[in-house]
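Summary of structural features
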Amino acid sequence: MATAHATDPAQAASELNESLTRLEMALLAPVVSGELESWARTAQEATSALAQRLPGYLNSVLHPQYAEIAKSDSELLTRVQQLIAEDQNLILEQDKFEKRVNDFVQRASQIKKDEAQTTTERGKLEQEGIALVLRIKRQRAAADTWLTEANYRDRGPVD
């Protein structure tokens with residue numbers, strides 16, 4: 001059972017990974033004729049799960065990493081500020097994407113005969129969702145990189 005704000009970092013990371021994979025698979029699945037609404041609802045469920053899990057992951061996994069980076073290497077404070085700003089952008093982007101998916105589900109439920117008229121819109125939605133998944137993965141990689149850099153960086157000879 002997933003919680004909105006998992007406090008265990010390992011659980012939060014696992015839940016986020018599951019949500020990212022689920023959304024990616026939902027978006028990349030081909031739409032079978034007559035199944036547009038089903039495709040849209042699957043994407044909606046995956047998007048909703050991600051929206052519930054992303055804040056918990058940021059708070060329990062990334063934010064403590066940022067604090068450790070700042071504590072370990074004050075020269076990386078600018079990077080930490082950039083990471084925090086990107087976290088805020090990710091939440092805004094996630095919210096915007098969730099609204100677009102919800103709107104698309106409404107449209108898909110009204111279109112029964114000519115699903116082809118939504119092909120372009122569905123394609124854009126797919127691209128936006130995959131881009132969001134990649135941004136979240138990139139953010140996670142950036143945090144890991146800067147944490148490693150803060151802990152293991154060679155600062156040259158120190159007297």
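Shown above is the structure to which this text applies.
Now for a look at the structure at hand. (Residues numbered from 1 in each chain as written. Predicted model: local features only at pLDDT ≥ 70, side-chain atom pairs only at ≥ 80, totals over all residues. Heavy atoms only, no water.)

**Description of the nonpolar core**
Ile-69 and Ile-136 are the most contacted members of the largest nonpolar core, which has 36 residues in total. Looking at this core, the elements with two or more residues in it are α1 (9-28), α2 (36-72), α3 (77-110) and α4 (119-152). Per element, the largest residue contribution to this core is 13 residues, and it comes from α2. Excluding its chain neighbours within four sequence positions, the residues that come into contact with Ile-69 are Leu-76, Val-80, Leu-83, Ala-143, Trp-146, Leu-147 and Ala-150. (Core = buried A, V, L, I, M, F, W, Y, C linked by side-chain atoms within 4.5 Å. Buried < 20%, exposed > 50% of the residue type's maximum accessible area, 1.4 Å probe, protein only. Helix = DSSP H or I, 4+ residues; strand = E, 2+ residues; numbered from the N terminus. Contact = heavy atoms within 4.5 Å.)

**Looking at the pattern of salt bridges**
Under the counting rule described, the total for this entry stands at ten salt bridges. Close ionic contact of Glu-93 with Arg-135 constitutes a salt bridge, the shortest N to O distance being 3.9 Å. Of this pair, Glu-93 sits in helix α3 while Arg-135 sits in helix α4, and the two are 42 residues apart along the sequence. On the basis of relative accessible area, Glu-93 is assigned to the partly exposed category, the value being 23%. A network of salt bridges, in which partner residues are shared, links Glu-86, Glu-93, Lys-96 and Arg-135. (Salt bridge = Lys/Arg side-chain N within 4 Å of Asp/Glu carboxyl O.)

**Considering the environment of Asn-151**
If you trace the backbone, Asn-151 turns up in helix α4. Considered as a pair, Asn-151 and Lys-71 are 80 residues apart in the sequence and their alpha carbons are 9.8 Å apart. Apart from the residues lying within four places of it in its own chain, the contact partners of Asn-151 are Glu-68 and Ser-72.

**Structural notes on the packing of α3 against α4**
Their axes nearest at 10 Å, the elements α3 and α4 cross at an angle of 160°. Overall, the two elements α3 and α4 adopt an arrangement that is roughly antiparallel. Regarding α3 and α4, the two cross each other, and that crossing is left-handed. Of the residues contributing to the contact of α3 with α4, the split by class is eleven nonpolar, four polar and eleven charged. (Axes fitted to C-alpha atoms, helices over the stretch in contact; angles between N-to-C directions. Parallel < 35°, antiparallel > 145°, perpendicular 65-115°, else oblique. Left-handed = near helix turned anticlockwise from the far one by under 90°. Nonpolar A, V, L, I, M, F, W, Y, C, P; charged D, E, K, R; others polar.)

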